Amino acid sequence: MPDPAPPAPSPYPHRHLLGIEGLSAQTIAGLLDLSETYVELSRQVDKKRAVMRGRTQINLFFETSTRTSTSFELAGKRLGADVINMAVARSAVQKGETLLDTALTLNAMHPDVLVVRHGDSGAVELLSQKVDCAVINAGDGAHEHPTQALLDALTIRRRLGRLDNLIVAICGDILHSRVARSNIHLLLATGAQVRVVAPPTLIPKFVDRLGVSVFHDMREGLRDADIVMMLRLQTERMQGGFVPSLREYFHFWGLDQAKLEAAKPNALIMHPGPMNRGVEIDSVVADDINRSVIREQVEMGVAVRMACLDVLTRNLQDVGGVSP
Ligand code: NCD
């Protein structure tokens, strides 16, 4: 039998996926184009490819996760990898092992890809410097969550046909949100106008330096927006009171039909989940079958993660040729 055709060159010229910051619009578009093929594949009866056959993927989640961990597991399995989910709560981490010792222990088992979520900003990058395999950041503290921004972008691009010249309002707890940060980097790189809409206590000081505009009123921030992206209050990252009460928060900052009227008539409603209904979003808009794309975001999540695993696996064959 002739040798199988060599894999196509990877559209992603790096060894790890640690963040969106610094990625070019072209690299982002390449990842989204590849993701499209995995949306189609995931809708087939046979959803499998052999891209990761023989490869080992370890998912290491130090923080809770539903969507992200499940979709990374599914993505790896659809590509033929052996996927291990390390239950940190039942691991030696609970016996005081440091992050780096855990990483070196796992590294000794020769994984090809580590998918890591950690509560501290920068922890995943630190880990990536100590291991031989590719590392994907599945969320590090309030820093970055690159695959979430990619899946959000794929959802928008499929619905509206483009990412440039759109007004995107990201609303809620910007201060503690890695989703906001990764989305800001991606959307600015691809030519969208980004607004952040939140009370002053939930906006990071440096945010206007990034090139976004800041609004402290929902109706003003949503005016003529194409996309309204809602975020959860990340109470696990808050020390002390950032909002007076949840009822008051919903009154001023929760997305409901009345506030949504300020946006474009067909504006899309997005949320990375988990949603807190009645806090940052009202059920009527969350479940609006025409405008809410929250379920679609979940579907795109699997496809985007397949694309990211695919490109990093292809790069493993040529580690010398890619930058970290
Ligand atoms: C987000 C996260 O973990 O940063 N969730 C997710 O991955 N879908 C957002 C959140 O927890 O609010």
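What counts and how
Residues numbered from 1 in each chain as written. Predicted model: local features only at pLDDT ≥ 70, side-chain atom pairs only at ≥ 80, totals over all residues. Heavy atoms only, no water. Core = buried A, V, L, I, M, F, W, Y, C linked by side-chain atoms within 4.5 Å. Buried < 20%, exposed > 50% of the residue type's maximum accessible area, 1.4 Å probe, protein only. Helix = DSSP H or I, 4+ residues; strand = E, 2+ residues; numbered from the N terminus. Contact = heavy atoms within 4.5 Å. Pairing = 2+ DSSP bridges. Axes fitted to C-alpha atoms, helices over the stretch in contact; angles between N-to-C directions. Salt bridge = Lys/Arg side-chain N within 4 Å of Asp/Glu carboxyl O. Near = heavy atom within 4 Å. Polar contact = N/O pair within 3.5 Å; in protein donor to acceptor, adjacent residues only side chain to side chain. Areas by Shrake-Rupley, 256 points an atom, 1.4 Å probe, with all protein chains shown as cover. Nonpolar A, V, L, I, M, F, W, Y, C, P; charged D, E, K, R; others polar.

Let's talk about the nonpolar core
Link 1 in the chain: Counting residues in each nonpolar core, the largest one holds 90 residues, and the members touching the most others are Ile136, Leu150, Ile170, Val228 and Leu255.
Link 2 in the chain: Among the elements that take part in this core, helix α11 (residues 294-316) stands out by supplying 12 residues, more than any other.
Link 3 in the chain: Beyond its immediate chain neighbours, meaning those up to four positions away, isoleucine 136 contacts Leu17, Phe72, Val113, Leu114, Val115, Val116, Val124, Thr147, Cys308, Leu309 and Leu312.
Link 4 in the chain: If you look at the next biggest cluster of nonpolar residues, it comprises 16 residues, including Leu18, Leu106, Leu114 and Val124.

Things to note about unusual backbone geometry
Link 1 in the chain: Look at the link from glycine 273 to proline 274: it is a cis peptide, with omega at -5°.
Link 2 in the chain: Along the chain, the position of proline 274 falls in the loop between β9 (268-270) and α10 (283-286).
Link 3 in the chain: Even without glycine at this site, aspartate 224 takes up a positive phi of about 65°.
Link 4 in the chain: Among the secondary structure elements, aspartate 224 is positioned in the loop between α7 (218-222) and β8 (227-230).
Link 5 in the chain: Residue class for aspartate 224 comes out partly exposed when judged on its relative accessible area of 42%.

Things to note about the sheet that holds β9
Link 1 in the chain: Pairing is parallel across the open sheet formed by five strands, whose spatial order is β7-β6-β5-β8-β9. The two strands at the open ends of the sheet, each matched to only one other strand, are β7 (213-215) and β9. Adjacent strand axes in the sheet meet at a mean angle of 20°, parallel and antiparallel pairs treated alike.
Link 2 in the chain: Note that strand β6 (residues 193-197) and β7 share three bridges and pair parallel. Along β7, the bridge assignment pairs valine 197 with phenylalanine 215.
Link 3 in the chain: Lying over the sheet, helix α5 (residues 146-160) contacts β8 and β9, oriented at roughly 165° with respect to β9.
Link 4 in the chain: Sheet strands touched by helix α6 (residues 178-189): β5 (167-171), β6 and β8. Its angle to β5, the strand with the most contacts, is close to 170°.

Digging into the pattern of salt bridges
Opposite charge on two side chains allows them to pair when their charged atoms are near.
Link 1 in the chain: As enumerated under the stated definition, the model contains 15 salt bridges in all.
Link 2 in the chain: Measuring nitrogen to oxygen at the nearest pair gives 2.7 Å for the salt bridge that ties arginine 43 to glutamate 299. Placement of arginine 43 in the loop between α1 (25-42) and β1 (56-61) and of glutamate 299 in helix α11 is noted, with a sequence separation of 256 residues between them.
Link 3 in the chain: Overall, the relative accessible area of 47% leaves arginine 43 in the partly exposed class.
Link 4 in the chain: One salt bridge connects lysine 259 with aspartate 256, and the closest N-O pair in it is separated by 3.6 Å.
Link 5 in the chain: On the accessibility criterion, aspartate 256 (19% relative accessible area) is buried.
Link 6 in the chain: Sharing partners across several salt bridges, the network here consists of Glu63, Arg178, Arg232, Glu236 and Arg237.

Some details on the side chain of threonine 155
Link 1 in the chain: Along the chain, threonine 155 turns up in helix α5.
Link 2 in the chain: Residue threonine 155 is classed as buried on the basis of its relative accessible area of 1%.
Link 3 in the chain: For threonine 155, the contacting residues outside a window of four places in its chain are Met270, Val293, Glu296, Gln297 and Met300.

Focus on the side chain of asparagine 183
Link 1 in the chain: Note on placement: asparagine 183 falls in helix α6.
Link 2 in the chain: Other than its neighbours up to four places away in sequence, asparagine 183 contacts Ala149, Asp152, Ile170 and Met229.

Side note on the site of the ligand
Link 1 in the chain: Within the structure, the ligand sits among Arg67, Thr68, Arg117, His145, Gln148, Arg178, Val179, Arg232, Gln234, Pro272, Gly273 and Pro274.
Link 2 in the chain: Backbone polar atom of proline 272 to a nitrogen atom of the ligand: 2.9 Å apart, as the coordinates give it.
Link 3 in the chain: Here a nitrogen atom of the ligand sits 3.0 Å away from a polar atom, N or O, in the main chain of glycine 273.
Link 4 in the chain: Considering the ligand on its own, with 310 Å² of exposed area, one finds that the protein chains cover 94% of that surface.
Link 5 in the chain: Mapped onto the shell around the ligand, the elements with two or more residues apiece are α2 (67-78) and α6.
Link 6 in the chain: Grouping the amino acids of the shell around the ligand by side-chain chemistry returns three nonpolar, five polar and four charged.

Any functional reading would require information that these geometric values do not contain.
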